[in-house]
Amino acid sequence: MVAAISSISVVGIAIGLGMPLLSVILETRGHSASMIGLNTAVAGLASIAGAPLATPLAMRFGVAWTMLAMIAAGALAFVGFHFAPAFWMWFPLRVVLHIALTVLFILSEFWISTSAPPHRRGLVLGIYATVLSLGFAAGPWLFSHLGSSGFRPFGVIIGLVTLAAIPVLAARNESPTIVADSETSHFLRYIWLVPTATFAVLVFGAVETGGFALFPIYGSRIGYSEADAALLLTMIGLGNVLLQIPIGMISDRVSDRRHLLLACATVGLAGTVFMPHFAANWHLMAALLFVWGGVVAALYTIGLAHLGSQLSGHELASANAAFVLCYGVGMVLGPQAIGIGMDIFGPSGFGWSLGVFFAAYIALVGIRLVRKIL
């Protein structure tokens, strides 16, 4: 469990360093923002394509060896960006990189969920989410010191990825085994088998990706400076880091995690309602976004814990693939929905669009809970 968490967290640092690095390199080569965005968007499509591969690969080669292969493939793809002279070459490299990362995340989360004690699963996944968030935050900090010129930042990424492989290699004999059931079903059925978990991560993917991408525009339209809007985004990230472990611990004391998922979505909806009313006071807005960011991020943490409490073995591995697939779908839907909402309704469309995702999820969980009671 420690091996999986430490490995994926180091990968998180590499991702946090690599993503801005690649965008800056493309910009210095003279490519337009739309072309950079198009190349980056391939990541979401590659994630959706890579999700079905995780369980079959792990069944054939083992969880640890598949993770090591994906770490190697991701490292080679990163190096390829440095040596690829033509822009078209970056598209297949993006595909390889993000398929590798998707399989890596699916299997690491499966490993963590399987190894975590059932009565401490929420706490363990809260630790995982916190450490991963710190890794993502450390990446841009490293980038600010390394810059984008030369091979040095790529060399650092190779070093980080090599470090990520060490704990997986050391714990390869402790990794869980995936054994197919007599009736192996396609992983997509797990989207509907545990919809409270899979749609929680879809909503989180939509809100996180769309909200982070468009919040600076929303902030400028309601009168914040670029610096103040950036600080508010930092408050969302800080809430994400600091609240995952406490909320994970709370989830371990709840008999049915769906009630907590419902509460998180309700806080998310309430936050979008109060945002316009708190906008005039930066400090109130910062406090709101701190709580809102942490609670909304818990949709991922608790959704993953709920998944682990309902399934095991091959089913859990397939469900993890469906879970990550739904996150990728949310990444595609969120920015589009929020952007359209702001184009139609102005700044208020930002909160309304976010609110639609939360309201739809609240309705889904409410129906599931009522049916259980009845």
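Refer to the structure printed above.
What comes next concerns the included structure.

Conventions and cut-offs
Residues numbered from 1 in each chain as written. Predicted model: local features only at pLDDT ≥ 70, side-chain atom pairs only at ≥ 80, totals over all residues. Heavy atoms only, no water. Phe/Tyr/Trp six-rings, centres within 6.5 Å; stacked < 30°, edge-to-face > 60°. 1 Å grid on protein atoms, 1.4 Å probe; cavity = no way out; pocket = protein on both sides within 12 Å on 5 of 7 lines; lining within 4 Å. Points joined across faces, edges and corners; volume = space filled by probe spheres on them. Helix = DSSP H or I, 4+ residues; strand = E, 2+ residues; numbered from the N terminus. Nonpolar A, V, L, I, M, F, W, Y, C, P; charged D, E, K, R; others polar. Disulfide = S-S within 2.5 Å. Salt bridge = Lys/Arg side-chain N within 4 Å of Asp/Glu carboxyl O. Buried < 20%, exposed > 50% of the residue type's maximum accessible area, 1.4 Å probe, protein only.

Quick word on the packing of aromatic side chains
Move 1: Taken as a whole and judged by the stated rule, the model has 14 aromatic pairs.
Move 2: Put simply, the rings of F204, Y300, F323 and Y327 pair up and form one aromatic cluster.

Let's talk about empty space enclosed by the protein
To find leftover empty space, one rolls a probe the size of a water molecule over the atoms.
Move 1: Using the criterion set out here, one finds 1 cavity of 30 Å³ or more in the structure.
Move 2: The space that makes up the largest cavity amounts to roughly 80 Å³.
Move 3: In this structure, the largest cavity is lined by V11, A14, I15, M70, I71, G74, A75, F78, L97, L101, L104 and V161.
Move 4: Put simply, the parts of the chain that give the lining of the largest cavity at least two residues each are α1 (2-28), α4 (63-83) and α5 (90-115).
Move 5: Sort the elements by how many residues they give to the lining of the largest cavity and α4 lands first, with 5 residues.
Move 6: Considered class by class, the residues forming the lining of the largest cavity number 11 nonpolar, 1 polar and no charged.

What about the state of the cysteines?
Between two cysteines, a covalent bond joining their sulfur atoms is known as a disulfide.
Move 1: Scanning all chains against the criterion turns up 0 disulfides.
Move 2: Looking at the unpaired C264, the closest cysteine sulfur is the one in C326, lying at 18 Å.

Quick notes on the pattern of salt bridges
Move 1: For the coordinates displayed, the defined rule picks out 2 salt bridges.
Move 2: Here R257 makes a salt bridge to D252, at a shortest N to O gap of 3.0 Å. We note that R257, like D252, is buried.
Move 3: One salt bridge in this structure joins D256 and R258, with 3.0 Å as the shortest N-O distance.

By themselves, these observations are geometric and do not establish any function.
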